[in-house]
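Close look at the chain arrangement
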Amino acid sequence: MMRRRTWLYLWLVLALGLVTAGCDNPLEIDRDTEISIGRDGARQLEAKYGVVNDPAAQKRLDIIGHRIASVTNEPDLPWTFKILNTKELNALALPGGFIYVTKGMMDYLKNDDQLAGILGHEATHVVHHHAKAAIEKAMTQNLLVELVTQRSSESIRKAASITLDLEMRQGYREKEYEADHYGTLFAFEAGYRADGLRQVLEMLYQKEGDPKRVTWLLQSHPPLSKRIARLDEYIQQLTGRKPR
Ligand SMILES: [Zn+2]
């Protein structure tokens, strides 16, 4: 005998199938589910690295972060900005607006324009829903149905792990140009210099060349030098001036 919950579940799957028949993407992850996935990922990440308790640095991050968030098309997400306790030079965004900058990166940056550029880049991954496509691709059909219809904790945790998995993140490396482009636009619209992100990429390029390894911000492909060249063109369009 099937239990009532199982029947209900089967009906839901069937109903969902009927409702969405003919759609390109019948099992689309909605916004609330994205936020739950982001929250779970945030917990995993914070448990792994710990969060820096530095009120001055946190205040600076919050002010710049929320200025960036307010010029995106989704200002009402539960935007959160935190500093991860690691010396690594990095930044990361989780679905739903949970953004992390490492302590190493906070110390490395020379000015607010650079931080605004990084946060703009990460905010773009959020509002263009780059992780969602990766999750939908990586999950088995059954688990995706479970995620979309039931939001079970297991399916949420699995989706969160996918967003934190560097190998998976390679899947949206081609989104890096897009994140650089809109990140620069968001920073500029929020009142910062248009070349903040470019400055950071240039500093990283001077330091490491085009990195081979894939990390969150420094995806190995496209190479930093190409990202910088593309930004040069875009910044000139945006401001009418060549970046220095
Ligand atoms: Zn990125």
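Residues numbered from 1 in each chain as written. Predicted model: local features only at pLDDT ≥ 70, side-chain atom pairs only at ≥ 80, totals over all residues.

Let us now look at the overall build of the protein. Within the protein one finds twelve helices and three strands. Looking at the protein residue by residue over its 244 residues, the buried ones come to 40%. Sequence-distant contacts, at least 24 apart, represent 70% of the contacts inside the protein between residues at least 6 apart. (Helix = DSSP H or I, 4+ residues; strand = E, 2+ residues; numbered from the N terminus. Buried ≥ 20, exposed ≤ 12 C-beta atoms within 10 Å, placed from the backbone. Contact = placed C-beta atoms within 7 Å.)

So, about the sheet that holds strand β1 (residues 80-84). Sheet architecture is open: three strands sit in the order β1-β3-β2, paired in mixed fashion. Of all strands in the sheet, those with a lone pairing partner are β1 and β2 (91-94), marking the two edges. Mean inter-strand twist for the sheet, computed between neighbouring axes without regard to direction, equals 20 degrees. Summarising the sheet, β1 and strand β3 (residues 98-102) pair through five bridges and their orientation is parallel. Bridging from a neighbouring strand, leucine 84 pairs with threonine 102 of β3. Along the sheet face, helix α5 (residues 112-127) touches β2 and β3 and points at about 25 degrees away from the line of β2. (Pairing = 2+ DSSP bridges. Axes fitted to C-alpha atoms, helices over the stretch in contact; angles between N-to-C directions.)

By size, the foremost hydrophobic cluster in this structure holds 43 residues, and its most contacted members are Ile68, Val101, Ala116, Leu119, Ala123 and Ala187. No other element matches α5, which puts six residues into this core. Membership of the second largest hydrophobic core comes to 13 residues, among which are Ile37, Leu144, Leu147 and Ala160. (Core = buried A, V, L, I, M, F, W, Y, C linked by C-beta atoms within 7 Å.)

The next thing to look at is the packing of helix α7 (residues 141-149) against helix α8 (residues 153-164). With their axes 8 Å apart at the nearest point, α7 and α8 run at an angle of 110 degrees to one another. With respect to α8, the element α7 is oriented roughly perpendicular. Like other packed secondary-structure pairs, α7 and α8 cross with a definite hand, here left-handed. Contacts from Leu143, Glu146 and Leu147 in α7 reach Ser155, Ile156, Lys158 and Ala159 in α8. Looking at side-chain class alone, the contact of α7 with α8 contains four nonpolar, one polar and two charged residues. (Parallel < 35°, antiparallel > 145°, perpendicular 65-115°, else oblique. Left-handed = near helix turned anticlockwise from the far one by under 90°. Nonpolar A, V, L, I, M, F, W, Y, C, P; charged D, E, K, R; others polar.)

Moving on: α7. Along α7, the residues classified as buried are Leu144, Leu147 and Val148. In a view along the axis of α7, the buried residues occupy a sector of 90 degrees, so they form one face of it. Of the residues trailing α7, arginine 151 is marked for its positive phi of about 50 degrees. (Arc of directions from axis to C-beta.)

So, about the environment of isoleucine 235. On the secondary structure map, isoleucine 235 appears in helix α12 (residues 224-239). Taking the C-alpha atoms as reference points, isoleucine 235 and alanine 194, separated by 41 residues in sequence, lie 6.3 Å from one another. Other than its neighbours up to four places away in sequence, isoleucine 235 contacts Thr184, Ala194, Asp195, Arg198 and Pro243.

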